[in-house]
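Close look at the chain arrangement
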Amino acid sequence: NMHGVNLEGLTWQQIFDCLDEFGIETIDQIALEQLLNKPQGTSKDYERIAHIAKSKGVVWLSELFLLRAIYQKPYPWQYMHLGDLYRSQGMWDSAKLFFQKAFDWKPENPNFALRLADVAVHEQDYEKAADFLAKGSVSSATYISHFLLFFCLFYTSYSSAFSFFFFLSPFLSLILST
């Protein structure tokens, strides 16, 4: 396990290997502080640790390292990932805040608009959801897939709409490209 492991002299790749081998869920406070304060850590290094933590179900560590990544050098997708984390925990207000930050940074990215539409549907504000879907539509494939998602959300249960949408997405892009 990661108790008593000194991470100070390790390269970032060695740290990632250590986390894979021992599991991030076994990290102790000393190793955690070493990681958070390690010199020459890039935003992407911290983001990678956040993804490792999320994959192991250690939500609080994932949140911590995403926030550290954003503090180091923010990127819009990091705000999106943090919003995804909060949404998965049912923390819709926090999710909305971070999805909005990502959208404000890159309003042309349909992923950010889709997530804001998801929040609007959760809030039962279907007009706002439709508006975000329209704002995020940068191609016909994107527009049609967003329209289908909105249609599914409006006429089916929330979870079955997303299941159907993600099942349909690869086929939709294949059909539209021919």
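Up top is the structure these notes are about.
On a predicted model such as this, the values are computed, not experimentally measured, just so you know.

**Quick look at the environment of Trp77**
Structurally, Trp77 is set in helix α5 (residues 76-88). Between the C-alpha atoms of Trp77 and Trp105, which are 28 residues apart in sequence, the distance is 9.7 Å. Apart from residues lying up to four places away in sequence, Trp77 is in contact with Lys44, Glu47 and Phe112. A polar atom in the side chain of Trp77 sits 2.9 Å from the side chain of Glu47.

**Examining helix α4 (residues 59-72)**
A turn of α-helix holds 3.6 residues, and therefore any two residues three or four places apart point the same way. The end-to-end C-alpha separation of α4 is 20 Å, in line with the 20 Å expected for 14 residues at 1.5 Å each. Among the residues of α4, Leu61, Ser62, Phe65, Leu66, Arg68, Ala69 and Ile70 are the ones counted as buried. In this structure, the buried residues of α4 make contact with α2 (29-36), α3 (43-55) and α5.

**Remarks on the nonpolar core**
In this structure, Ile24, Leu35, Ile49, Leu61 and Phe65 are the most contacted members of the largest nonpolar core, which totals 47 residues. Where this core is concerned, the elements lending two or more residues are α1 (12-22), α2, α3, α4, α5, α6 (92-105), α7 (110-122) and α8 (126-135). The greatest single-element share of this core, amounting to 8 residues, is contributed by α7. If we ignore the near neighbours within four places in the chain, the residues touching Leu35 are Leu7, Trp12, Ile15, Ile27, Tyr46, Ile49 and Phe65.

**Some words on the packing of α1 against α3**
Put simply, α1 and α3 touch, their axes get as near as 11 Å, and they point 5° apart. In terms of axis orientation, α1 runs roughly parallel to α3. Residues Trp12, Gln13, Phe16, Leu19 and Asp20 of α1 lie in contact with α3, whose contacting residues are Asp45, Tyr46, Arg48, Ile49 and Ile52.

**Brief notes about the packing of α3 against α5**
Packing of α3 against α5 brings their axes to within 12 Å, and their N-to-C directions diverge by 20°. It follows that α3 is roughly parallel to α5 by the angle criterion. Seen along the crossing, α3 lies across α5 with a hand that is left-handed. Contact residues: α3 offers Ser43, Lys44, Glu47, His51 and Lys54, while α5 offers Trp77, Gln78, His81, Asp84 and Leu85. Partitioning the contact of α3 with α5 into residue classes produces 2 nonpolar, 4 polar and 4 charged.

**Brief notes about α7**
The first and last C-alpha atoms of α7 sit 18 Å apart over 13 residues, in line with the 18 Å expected at 1.5 Å per residue. When we look at burial in α7, the residues that qualify are Pro110, Phe112, Ala113, Leu114, Arg115, Leu116, Ala117, Asp118, Val119, Ala120 and Val121. For α7, the capping residue at the N-terminal end is Asn109, with a side-chain oxygen 2.8 Å from the backbone nitrogen of Asn111. Looking one or two places after α7, you find Gln124, whose phi comes out positive at around 60°.

How each quantity is defined
- As a convention, each chain's residues are numbered from 1 in the sequence order in which they are written.
- Only residues with pLDDT of at least 70 are given local features in this predicted model, and only at 80 or more are side-chain atom pairs given and counted; all residues enter the totals for whole chains, interfaces and linings.
- To get the side-chain values, take all heavy atoms of the structure and skip hydrogens and water.
- Strands are runs of DSSP state E lasting at least 2 residues, helices are runs of H or I lasting at least 4, and numbering of each runs from the N terminus.
- We call two residues in contact when some of their heavy atoms are within 4.5 Å.
- Here a polar contact is taken to be a pair of N or O atoms separated by no more than 3.5 Å, where protein atoms must pair a possible hydrogen donor with a possible acceptor and residues adjacent in sequence count only if both atoms sit in side chains.
- Expected span of a helix: the number of residues minus one, times 1.5 Å.
- Partly exposed describes any residue whose relative accessible area lies between the buried limit of under 20% and the exposed limit of over 50%, with all areas from a 1.4 Å probe on protein chains only and scaled to the type maximum.
- Remark: nonpolar core denotes a set of buried residues (Ala, Val, Leu, Ile, Met, Phe, Trp, Tyr, Cys) joined through side-chain atoms within 4.5 Å.
- Note on geometry: axes are C-alpha line fits, over the in-contact stretch for helices, and angles between N-to-C directions span 0 to 180 degrees.
- Put simply, angles under 35 degrees are roughly parallel, angles over 145 are roughly antiparallel, angles from 65 to 115 are roughly perpendicular, and the rest are oblique.
- Two helices crossing with the near one rotated counterclockwise from the far one by less than a right angle form a left-handed crossing, whereas a clockwise rotation gives a right-handed crossing.
- Gly counts as polar in this scheme, as do all residues outside two lists: the nonpolar Ala, Val, Leu, Ile, Met, Phe, Trp, Tyr, Cys and Pro, and the charged Asp, Glu, Lys and Arg.

Spatial relationships are all this shows, so hold off on functional conclusions.
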